[in-house]
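Secondary and tertiary structure notes
One-letter residues, chain by chain:
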Amino acid sequence: MKKLFFILFFLIACLSAEARHVAGGELFYEYIGPGSAGYSNYKITLRLFRDCSSNGPLLENENVIVGIYENNIKLPADLPLLRIGPIQTISLNTAAFPCLVGNVSVCYQIAIYSSTITLPDNTSGYTLSRIGCCRIDYISNLAVPTSVGSNYVTFIPGKLALPAGHNSSPQFNVRDTALVCANKPFKLDFGAVDPDKDSLTFEFCDAYSSAGRNNNATPSDVLSLTPLPYTIPYSGSFPLGPNVNINYTTGIISGIAPPEGQYVVNVCITEWRNNKAISQHRKDFILKVQNCDIIQADLPAQIIQCRDSIVHFENQSTASGIQSYLWTFGDKGNHSSTSPIVDYPYADTGIYKATLTVTGPNGCIGSDTAEVRVYPGFKAAFAITGSCFLNPFQFTDATTSRYGTVNSWKWDFGDLTTKADTSLLQNPVYKYVSPSLKKIGLWVTDSKGCIDSSFQDLMVSDKPLVQLPFHDTLICSIDTLAIPVLNSGNFSWLPNKDILFPNSSRPLVFPKDTTRYVVTVNDNGCINRDTVTVNVLPFIRVKLGTDTLICRTDSVQLIPVSEALQYSWSSNTGIPINPVKYPKVAPLVNTQYYVTANLGKCEDKDTLQIKVAPYPVANAGPDTVICFGNRIQIRSNLVGSSISWSPTNTLINFNTANPIAGPTRTTAYIVKVSDTLGCTKTATDTLVVKVAPIVIANAGKDTVALPNQPIQLEATGGQRYVWSPEVFLSDPSIANPIATLDDLTDSIRYVVRAYDQYGCYGDDAVVIRIYKTGANILVPSAFTPNGDGKNDLLRPVLLGISRLQYFRVFNRWGQMVFSTQEEGKGWDGSFNGTKQPPGTYVYMAAGTDYQGKTQFRKGTAVLIR
C-alpha cells in the first residue's frame, strides 16, 4: 500500500519593525573574547524580517538602536547596530509543489544588523532590548488588531548566574518563518545547538510589545517587558491554541494547526550549565496558517466484509482540495465510480483489489489500494444451558457461515479463579467452582478468512435466586394480597392456611393475623427457599402533630405518624402535593394541610396548619471608599428587632442601623439582624469600607537653574496634580509643568498636591534656586574619600547644563583614572580597584547647556587622605 503524505513548512526567524510590515525578529550575541581587565567583548546581532506585501515602511538601511540594561536601568550609551550586507528576499509559492492546494505564497525581506561592544563583567548580567512599532496588522491570536509594538530581547548572564566562564546565545536549527495548512497536522523543528555545549530546554512564552511609535524607537531609560495582548483561547503558553505544543527537550512544535490567519509565536530556550539555568534566549516569529491542503489517497490495508456483500469505501484523508475521485473495485467488468463515498455491492464472493485515485490542481495525483474480502452471511452466536454451579454448563456454538466452513473456536468462560477457563472445542462443557457473574466470549473464524465474535453475561448461582418483589409487607385484616415470584420451576408454599394456589408462582393470601409464608423453588435439581412476612393490622391511625411556624421561602417536611402505605395530600391553597409519606412543602402564606392515609381498604385522616412569617431584612448598603484617617456613617436598610455589627473596634454605635466607621485599613463589616417576634432566623449582609492608601506625593529634588532656563518639574505619587503658586508655570494642573523663572527671582518653592482616584491627596514641595552667573560646571578644589559620607567623591555640579558630555580625571603622568557621562556620578579616588595616592589631579569637563552651547571646564583638585 502506498501512502502519500506531505506537510509544507518554510521557516523564517520572525522579527518586528513598524506598522503593518514586520514579520518578526531575533536578537542574539556571541562572546568573542576578553577586553581589558574586568571587561568582555561581545558581537551583537539582530535579524529583522519584513512582509514583502506590506505597504508600511521599509527595513532600516543604515542601523538600528539596541538598549543595554543593567538591573532594568539603561546604560548611558545605546548600541547602534550597522546593517551587514544587502537586504535579501526569500519567497515561496505552490508552483514547485503540485500536490499543495491553495494560494499559499510566502515572501520576506531579511536584514541583518551587527556590531561589537565591550561590557564590564558584572554580577547581575545585561538585558539587550530593541523596540519598534509595529508588527503586521490583524494578527489572529492578539486582541488588538493594529499597531501592536515589538520588543526583541536577549540576556547576557552575569557572575551571579555564571560565576566562571562566558556565554553565547544558542542557534536555532531552522530558518526563520513558518507556513502550514489550516486545521491540518503539522510538525516544525525549532531545536537548537549551543556553541558552549550547554543543555537546552524549550517552551512557548510571552512575546513582548512596546509603546514605540516609530520604526527605530529610542530605548526607554527603564526596561519595560510588556506581554502581548493575547485573545482567548490563545496565550503566550498556547500561542496556537490548545491543540499545538512544543517538546520540552527537542523544541519540535507539533499538533493540529489553528484556523487560517497569522499568529505570533515566541519560543524561549533556557540554557543549563552544570544543572543550573544560566540564561534565556528568545525567538519571536509569525506563523502563517493558510487555506491550503495536501492531495492524497488513504485506504486501510484490508477490508473484510462477512455480514453482507455491500462494502463501504471512503477516503480516510481529510484533504479538501481533491477535484476528482476514481474508484476501481477489482471485480469482473472493471466497475468503477467517481463518487467521493461509495457503498459498492459485489456480485460475488471473493478477494478483490480496490484502488482509489484522486486528482487535484496543477496535475497532482494520489493513489492507494486495499485488499477486499467479500464473504457475506458469517455471524457468531452461541447458547448456554445450566442451572447452578453444582452442575456443568453446556455451551453450544450457533455460528453460521454461508460460503465457508467455521474452522476455529475460542471460548472464554469468564472464570477469574483460573487461567484454564478456555476451550478450542466447538461445543464445550464447563463446570464452575464458585458462583458469580461470568462474562462469556466466543471468537470464531471460517475458511474464507472471516472473523467474528459474540458475548453474553451468565449468572452462575450456588442455588436458584428466588425473585420475590418484597420480603416484609403490611395489609389490613380485610384485604387479600398477591405474592408473585419471577422464577421458573416448581413451587411450594407453607403454611397452607388462608392461601389460594399454594403450588403456583402467584398465590393469594388473606391472613387475619401476622403470618410468615415460606416458598420452595426447585429449578432442575437446584433448590432454594425464601420467606415473606405478611403483617396484619385491624385498623390504622394517622397523626400530623401540632401546628407550626416557618420563615417565608423556607421549606418544611410534613411527617405523619402512621403505618399506612398510601398517602393523599391537599391544602386550602390548592397547590399540588407529592403523594408520598413525607412530602416537602414551601408555603408563602398561612396554609392548612390535609392528609388521607390508606392501608388497603383501611383509612384515616388528619390536618395541620403552617403559619408563615417574613425573614428579617439585612442590607448593609453599598461598599465605599474613605481616605486614610477619615470616618464615614454607614447608611443601611435593616428590618428586625435585634441589630449587631462586627468588628466593633472601629465602629461608633455598633448596635444601631447607621453606625460611624473609622477603620485604618480596608475592613469588611458584617451586620446580623434577627426578629424575636416572628421568624427567628438571622439575616446577614456585608459592607466593605476600603481605606485608600496614604498618598505619598513627590515633587522631585530641589534644583538650580539660570534665569529664563526652562525647568521640567516632575511630580509622582498621584493621578491628578495641582501646583502652587502658579507663577512661572506652563500648566499648574499637570504632573510635569515647565517652570521658567526670570532674573528678578532668587528662588521659589513650589508645592504640589497629588490626588488619587478616590480624591485623597498628599503634598510635597520643591525649591528652585536661580544662579545669575550663566551656565557653568563647578568642580570642588579638594575631596576626602575616607568613607565618612562627607566629600567622598569628586564630581561636577552642573548649572544650566542639560547634558554632561564627559567628566575626566588624570593623574600627574597624564593617565586617565576616571571618566563618566552620567550626571551625579563622581570619582572615589581609586583606579582599577587601587586607592590612588594623595596629591593634585587634573580634571576636564564638557557639557551642553540648555541653549545647546558647549561649556568646557578644566582645573585641578587635591585628593586628601
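This one's a predicted model, so the numbers in the text were calculated from it and none came from an experiment. (Residues numbered from 1 in each chain as written. Predicted model: local features only at pLDDT ≥ 70, side-chain atom pairs only at ≥ 80, totals over all residues. Heavy atoms only, no water.)

This part covers the overall build of the chain. The helix and strand inventory of the chain stands at zero helices and 77 strands. Here the C-alpha radius of gyration of the chain, 46 Å, is well above what a compact globule of 865 residues would show, namely 29 Å. Taken along the three principal axes of its C-alpha coordinates, the chain extends 135 × 95 × 50 Å. Within the span of the chain, comprising 865 residues, buried residues form 46% of the whole. A separation of at least 24 residues holds for 63% of the contacts in the chain among residues at least 6 apart in sequence. If you average the places of the 70 positive and of the 69 negative side-chain charges in the chain, the two averages end up 3 Å apart. (Helix = DSSP H or I, 4+ residues; strand = E, 2+ residues; numbered from the N terminus. Rg over C-alpha atoms; globule rule 2.2 N^0.38 Å. Buried < 20%, exposed > 50% of the residue type's maximum accessible area, 1.4 Å probe, protein only. Contact = heavy atoms within 4.5 Å. Lys, Arg positive; Asp, Glu negative; His and termini not counted. Charge placed at Lys NZ, Arg CZ, Asp CG, Glu CD.)

Now for the packing of aromatic side chains. Applying the stated criterion across every chain, the model contains 23 aromatic pairs. On the basis of an interplanar angle of 15° and a centroid distance of 6.3 Å, the ring pair of Trp411 and Phe413 is categorised as stacked. By the burial criterion, Trp411 is buried, and Phe413 matches it. With a centroid separation of 6.4 Å and 65° between ring planes, the pair formed by Phe807 and Phe818 is classed as edge-to-face. With Phe807 in strand S72 (residues 801-810) and Phe818 in strand S73 (residues 816-820), the pair connects residues that are 11 residues apart, well separated along the chain. (Phe/Tyr/Trp six-rings, centres within 6.5 Å; stacked < 30°, edge-to-face > 60°.)

Below, the discussion takes up the environment of Gly404. Here Gly404 is to be found in the loop between strand S33 (400-401) and strand S34 (406-412). The exposure class of Gly404 is buried, given its relative accessible area of 16%. As for Gly404 and Arg47, which are separated by 357 residues in sequence, their C-alpha atoms are 71 Å apart. With residues near it in sequence (within four places) discarded, Gly404 still touches Asp446, Ser447 and Lys448.

In this section: the sheet that holds strand S59 (residues 651-652). Taken together, three strands build an open sheet; the order of strands is S56-S60-S59 and the sheet is antiparallel. Edge positions in the sheet fall to strand S56 (632-633) and S59, since each of these pairs with one other strand and no more. The sheet contact formed by S56 and strand S60 (residues 660-661) spans two bridges and is antiparallel. Considered in S60, the bridge of Gln633 is made with Ile660. (Pairing = 2+ DSSP bridges.)

Within a regular strand, the side chains alternate between the two sheet faces. Burial along strand S27 (residues 341-345) is one-sided: the face carrying Val342 and Tyr344 is buried and the face carrying Ile341, Asp343 and Pro345 is not. Inspection of the sheet shows strand S24 (residues 310-314) paired to S27 by five bridges, in the antiparallel sense. Counted as the bridge partner of Phe313 is Val342 from S27.

The next subject is the sheet that holds strand S13 (residues 185-189). For sheets, the rule is that strands pair by backbone hydrogen bonds, running either parallel or antiparallel. In space, the three strands of this open sheet follow the order S13-S19-S18, with antiparallel pairing throughout. Since the sheet does not close on itself, it has two edges, and those belong to S13 and strand S18 (244-246), each with one partner. Adjacent strand axes in the sheet meet at a mean angle of 10°, parallel and antiparallel pairs treated alike. In this structure, S13 lies alongside strand S19 (residues 252-256), joined through five bridges in antiparallel fashion. The residue of S19 that forms the bridge with Asp189 is Ile252. (Axes fitted to C-alpha atoms, helices over the stretch in contact; angles between N-to-C directions.)

Another point: the state of the cysteines. Enumeration over the complete set of coordinates arrives at six disulfides. The disulfide partner of Cys205 is Cys268, and the S-S distance across this bridge is 1.9 Å. Classification of the bridge connecting Cys205 and Cys268 rests on its S-S torsion, roughly 85°, and on that basis the disulfide is right-handed. With Cys205 in the loop between strand S15 (199-204) and strand S16 (208-209) and Cys268 in strand S20 (residues 261-273), the pair connects residues that are 63 residues apart, well separated along the chain. Across the disulfide, Cys388 is cross-linked to Cys526 (sulfur-sulfur distance 2.2 Å). Torsion about the S-S bond of the Cys388 and Cys526 cystine: about -70°, corresponding to left-handed handedness. Residue Cys388 is found in the loop between strand S31 (382-385) and strand S32 (393-397), and its partner Cys526 is found in strand S45 (residues 526-537); the two are separated by 138 residues along the sequence. For the residue pair Cys388 and Cys526, the accessibility class agrees, reading buried in each case. (Disulfide = S-S within 2.5 Å.)

Another aspect to go through is the pattern of salt bridges. All told, the structure shown has 12 salt bridges when counted by the stated rule. Of the charged contacts, one joins Arg753 and Asp763 as a salt bridge, the two residues approaching to 2.9 Å between their closest N and O atoms. Pair noted here: Arg753 is in strand S67 (residues 747-755) and Asp763 is in strand S68 (residues 761-770), with a separation of 10 residues, a long-range link. Looking at Asp763, the relative accessible area reads 41%, which means it is partly exposed. Among the ionic contacts, a cluster of salt bridges with common partners joins Asp196, Asp198 and Arg273. (Salt bridge = Lys/Arg side-chain N within 4 Å of Asp/Glu carboxyl O.)

Topologically, Tyr843 is positioned in strand S76 (residues 839-849). Along the sequence, Tyr843 and Phe238 sit 605 residues apart, while their C-alpha atoms lie 57 Å from each other.

Let us now look at the confidence of the model for the chain. Averaged over the chain, the pLDDT score is 89; the fraction of residues at 70 or greater is 94%. Counted against residues more than four places away or in other chains, residues 1-20, with its pLDDT under 50, gives 118 contacts. (pLDDT = per-residue confidence, 0-100.)

Okay, the side chain of Glu271 next. When you line up the elements, Glu271 lands in strand S20. Among buried Asp, Glu, Lys and Arg side chains, Glu271 stands out as unpaired, with Arg273 the closest opposite charge at 5.2 Å. At a separation of 3.1 Å, a polar atom in the side chain of Glu271 contacts the side chain of Asn167. (Polar contact = N/O pair within 3.5 Å; in protein donor to acceptor, adjacent residues only side chain to side chain.)

Looking now at a nonpolar patch on the surface. There is a patch of nonpolar side chains on the surface, built from Phe628, Ile694 and Ile696 and spanning about 340 Å² of accessible area. Residue classification places Phe628 among the partly exposed residues on the basis of a relative accessible area of 44%. (Patch = residues over 30% accessible without salt bridge, like charges linked within 9 Å, V, L, I, M, F, W, Y side chains within 5 Å. Areas by Shrake-Rupley, 256 points an atom, 1.4 Å probe, with all protein chains shown as cover.)

Further remarks concern the pairing of S76. Sheet topology places S72 next to S76; eight bridges connect them, and they run antiparallel. Note that in S76 the partner of Arg808 across the bridge is Met844. When S76 meets strand S77 (residues 854-863), the two strands line up antiparallel, connected through 10 bridges. If you follow Met844 over to S77, its bridge partner there is Lys858. Between the end of S76 and the start of S77, which pair antiparallel, lie four residues, with Gly852 showing a positive phi angle near 90°.

Before going further, it helps to examine unusual backbone geometry. What is expected of a backbone is that most residues other than glycine have negative phi and most peptide bonds are trans. A cis amide bond links Ile232 to the next residue, Pro233, at an omega of 10°. Take Pro233: it is sitting in the loop between strand S17 (226-227) and S18. One non-glycine residue, Tyr138, lies in the positive phi region at around 60°. If you trace the backbone, Tyr138 turns up in the loop between strand S9 (126-132) and strand S10 (150-156). Positive phi values are uncommon outside glycine, yet Phe501 reaches one of about 60°. As for its placement among the helices and strands, Phe501 is situated in the loop between strand S42 (499-500) and strand S43 (508-509).

A word on the environment of Thr338. Relative to the helices and strands, Thr338 is located in the loop between strand S26 (336-337) and S27. Taking the relative accessible area as the measure of exposure, Thr338 reaches 59% and is therefore exposed. Separated by 299 residues in the primary sequence, Thr338 and Asn637 have C-alpha atoms spaced 78 Å apart. With residues up to four places along the chain from it excluded, the contact list for Thr338 reads Tyr325 and Leu326.

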